[in-house]
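So the chains spell out like this:
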Amino acid sequence: MKEMISGVTVRLKTKVQTGTDEFKRPIYEESFVDVENVLVGVPSSEDVINELNLSGKRIKYTLGIPKGDTHNWINTEVEFWGERYRTIGKPMQGIDENIPLSWNKKVQVESYD
């Protein structure tokens, strides 16, 4: 059965360690990868106010991450709909078996220019 809900393709900034410098600090190479079927939703007013009070960051969207995704979504950049955003905090994850649809994590993003 085909699902009636589908997401968009989001470009996620990733970092891969490529070595170390002369002080033994890691050197990273950054690139963007496409993550398909990501849901984009509007956060609740309560979520926006709570995050603003706690961190001073204003949530723009909430992203639903597909089950099986292993990318790092913590404090990184994402691009979709021609705009750039930055993730806020750690993704919240549910138990795959208890979630009937294709998404088991959600992460919030703020505008990032």
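Residues numbered from 1 in each chain as written. Predicted model: local features only at pLDDT ≥ 70, side-chain atom pairs only at ≥ 80, totals over all residues. Heavy atoms only, no water.

Colleague: What is the right way to look at the overall build of the protein chain in this model?
Modeller: Summing up its helical and strand segments, the protein chain has 1 helix and 6 strands in all. Starting at the N terminus, the α and β elements of the protein chain follow one another as β-β-α-β-β-β-β. Seen along its three principal axes, the alpha-carbon backbone of the protein chain occupies a region of about 50 × 40 × 30 Å. A total of 113 residues make up the protein chain; the buried ones form 30% of that total. The positive charge centre, built from 15 side chains, and the negative charge centre, built from 18, are 3 Å apart in the protein chain. (Helix = DSSP H or I, 4+ residues; strand = E, 2+ residues; numbered from the N terminus. Buried < 20%, exposed > 50% of the residue type's maximum accessible area, 1.4 Å probe, protein only. Lys, Arg positive; Asp, Glu negative; His and termini not counted. Charge placed at Lys NZ, Arg CZ, Asp CG, Glu CD.)

Colleague: Just to check I follow, could you spell out the side chain of Thr76 for this structure?
Modeller: Structurally, Thr76 can be placed in the loop between strand E3 (61-66) and strand E4 (77-80). One polar contact links the side chain of Thr76 to the main-chain carbonyl oxygen of Lys13, over a distance of 2.8 Å. (Polar contact = N/O pair within 3.5 Å; in protein donor to acceptor, adjacent residues only side chain to side chain.)

Colleague: Just to check I follow, could you spell out the environment of Glu29 for this structure?
Modeller: Topologically, Glu29 is positioned in strand E2 (residues 26-41). Each residue touching Glu29, except ones within four places of it in the same chain, is listed here: Thr14, Lys15, Val16 and Thr18. (Contact = heavy atoms within 4.5 Å.)

Colleague: Teacher, can you tell me more about the nonpolar core here?
Modeller: Considering soluble globular proteins, one finds that nonpolar side chains tend to be buried as a cluster. Counting 13 residues, the largest nonpolar core has Val38, Leu63, Trp73, Val78, Phe80 and Val109 as the members making the most contacts within it. Broken down by secondary-structure element, the contributors of at least two residues to this core are strand E1 (8-20), E2, E3, E4 and strand E6 (103-111). Tallying contributions element by element places E3 first for this core, with 3 residues. Beyond its immediate stretch of four places on either side in the chain, Val38 contacts Gly7, Val8, Val10, Leu63, Gly64, Ile65, Pro66, Trp73 and Trp103. (Core = buried A, V, L, I, M, F, W, Y, C linked by side-chain atoms within 4.5 Å.)

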